[in-house]
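# Breakdown of the fold
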Amino acid sequence: MKKAIALALSLTMALSLAACGPKDDGGKSSASDGSKSPSVSSSAPKPSGSVTKVTLATGGPSGTYYAVGGVLSTVLNGKLELSEINPISTGASKANIYEVTDGNAQMSILQSDVLTYAHAGTDLFEADGADKNSLWVAGLYNETVQVIATTDITDISQLKGKAVCVGDVGSGTEFNAMQVLEAYEMTFDDIKKTNGSFGDAVENIKDGKVAAAFTVAGAPTTSIVDLASSNKFNMLSLSDDAVTYLTANYPFLVQDNLPANTYNGIDYEVVCVAVKAVLTADKNLSEDVVYEFTKALFENQAELATGHGKFENLSPESAVDGASVEIHPGAAKYYKEVGVLA
């Protein structure tokens, strides 16, 4: 009788322990931080803390950098196992160099010319000296130097003595504006220079506070699209002489005309120059993290292009074309695998 009671008690305890144990989740385990488990082993979730949190410095919320950064995080965070991308809004290309150097960001999007200046310690970085912490990951797309103006302004030469917004202080836009004015034998002393974001520029055009504004971003640019939806304005073309001067004296500038109807109400081709938007990574960011990110960037190019048109022409070949500074070892590993780097 005692043996029967003992056996019954043992069975009861075993059943209770089983009821308290982990339930079957169908193999869909996840890390404690909410990230997906490695696809190679659904039963082995990533250890807590294994995901590298990568802050991506972009630009103002009305600019293309910010939109592109949002698409990168939305599309790739579900594919990456080693990192998680968090885009943040920042002031400008120069600011992004320092965001990485100061440890506030691990990746950034900025203009190719600004990255070149940082590594050389020239132009925008002449006073502070060279900063080589940001390395090239991928050239994403052309950034067009666009000049919008009130309807009474039809030529850049007319900007002399006028109020002109030249972008945020210390931005690549500000420096490109200086170069364009130089092609017309003007300096900032010849205009009433104001500084502000792309969104500020549009509002100032609407309010008549400035006669013109420079925007350097992938076209169509959100802030200018918004302006075109409610206001009439002009876009100013560069003269042939100005294009020749700019491309000869600043080799990172290439001619990049905007087709007619890029913006509502602008039914003519606009002659422009452009720099390249570059994705960079901190030189100290893990080679494995950057390799996985770069690989995912190209393997998911079609989905990225659905999210933002600036990814439509992205390819490994175009991503390394014009690389003016060292390519991050993690990105270089991928480019060597696919045969675009030796």
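Each remark here, short or long, concerns the structure printed above.
Just so we're clear, the structure is a prediction, and the values are computed from it rather than from any experiment.

Applying the stated criterion across every chain, the model contains 3 cavities of 30 Å³ or more. Of the volumes computed, that of the largest cavity is approximately 240 Å³. In this structure, the largest cavity is lined by 22 residues; those nearest its centre are Gly 60, Gly 91, Ala 92, Thr 173 and Phe 198. Counting only elements with at least two residues in the lining of the largest cavity, the list comes to helix 2 (64-76), helix 5 (172-183) and strand 7 (212-217). No other element matches helix 2, which puts 3 residues into the lining of the largest cavity. For the lining of the largest cavity, the per-class residue count stands at 6 nonpolar, 14 polar and 2 charged.

Turning our attention to the pattern of salt bridges. Applying the stated criterion to the full structure yields 5 salt bridges. One salt bridge connects Glu 303 with Lys 79, and the closest N-O pair in it is separated by 3.2 Å. Pair noted here: Glu 303 is in helix 10 (residues 301-307) and Lys 79 is in the loop between helix 2 and strand 2 (83-88), with a separation of 224 residues, a long-range link. Owing to a relative accessible area of 39%, Glu 303 belongs among the partly exposed residues under this scheme. Looking at Lys 79, the relative accessible area reads 39%, which means it is partly exposed.

Judged by nonpolar contacts, the single largest core of 50 residues is most densely connected at Leu 72, Met 107, Leu 279, Phe 311 and Tyr 335. Residue contributions to this core peak at 7 residues, all from helix 9 (residues 287-299). When neighbours within four sequence positions are excluded, Leu 72 is seen to be in contact with Leu 56, Asn 77, Leu 279, Phe 293, Leu 297, Leu 304 and Phe 311. Ranked by size, the runner-up nonpolar core spans 30 residues in total, among them Ile 191, Ala 211, Ala 212 and Val 273.

Considering only enclosed or pocket space, the largest pocket measures out at about 300 Å³ in volume. Here the lining of the largest pocket takes 5 residues from strand 4 (residues 134-149), the largest share from any one element. Considered class by class, the residues forming the lining of the largest pocket number 6 nonpolar, 7 polar and 4 charged. A volume near 200 Å³ is recorded for the second largest pocket. Lining of the second largest pocket is provided by 13 residues; of these, Ser 112, Pro 251, Phe 252, Lys 276 and Gly 322 occupy positions nearest its centre. Broken down by secondary-structure element, the contributors of at least two residues to the lining of the second largest pocket are helix 4 (112-120), strand 4 and strand 10 (273-282).

Relative to the helices and strands, Ile 205 resides in helix 6 (residues 198-207). Classification of Ile 205 as buried rests on a relative accessible area of 7%. Separated by 57 residues in the primary sequence, Ile 205 and Ile 148 have C-alpha atoms spaced 8.4 Å apart. Once you skip the residues sitting within four places of it in the chain, Ile 205 turns out to touch Ile 148, Ala 149, Thr 150, Val 210, Ala 211, Ala 212, Ala 213 and Leu 227.

Turning to the side chain of His 308, a few remarks are in order. For His 308, the location among the structural elements is in the loop between helix 10 and helix 11 (316-320). Non-local contacts of His 308, meaning those with residues more than four positions away in its chain, are made with Thr 64, Ala 67, Val 68 and Val 71.

Turning to the pairing of strand 3 (residues 107-111), a few remarks are in order. The side chains of a regular strand alternate, first on one face of the sheet and then on the other. The buried fraction of strand 3 amounts to 5 of the 5 residues, a majority that puts the element mostly inside the structure. Summarising the sheet, strand 1 (residues 52-57) and strand 3 pair through 2 bridges and their orientation is parallel. Pairing of Ala 57 across the sheet is with Ser 108, part of strand 3. Where strand 3 meets strand 10, 5 bridges bridge the pair, whose relative direction is antiparallel. Within the sheet, the bridge partner assigned to Ser 108 lies in strand 10 and is Thr 280.

We now examine helix 2. The periodicity of an α-helix, 3.6 residues per turn, causes residues three or four positions apart to be oriented the same way. With 13 residues, helix 2 ought to run about 18 Å at 1.5 Å a step, and its terminal C-alpha atoms sit 18 Å apart, in line with that. Thr 64, Tyr 65, Val 68, Gly 69, Val 71, Leu 72, Ser 73, Val 75 and Leu 76 are the residues of helix 2 that are buried.

Parameters at a glance
- Residues numbered from 1 in each chain as written.
- Predicted model: local features only at pLDDT ≥ 70, side-chain atom pairs only at ≥ 80, totals over all residues.
- Heavy atoms only, no water.
- 1 Å grid on protein atoms, 1.4 Å probe; cavity = no way out; pocket = protein on both sides within 12 Å on 5 of 7 lines; lining within 4 Å.
- Points joined across faces, edges and corners; volume = space filled by probe spheres on them.
- Helix = DSSP H or I, 4+ residues; strand = E, 2+ residues; numbered from the N terminus.
- Nonpolar A, V, L, I, M, F, W, Y, C, P; charged D, E, K, R; others polar.
- Salt bridge = Lys/Arg side-chain N within 4 Å of Asp/Glu carboxyl O.
- Buried < 20%, exposed > 50% of the residue type's maximum accessible area, 1.4 Å probe, protein only.
- Core = buried A, V, L, I, M, F, W, Y, C linked by side-chain atoms within 4.5 Å.
- Contact = heavy atoms within 4.5 Å.
- Pairing = 2+ DSSP bridges.
- Expected span 1.5 Å × (residues − 1).

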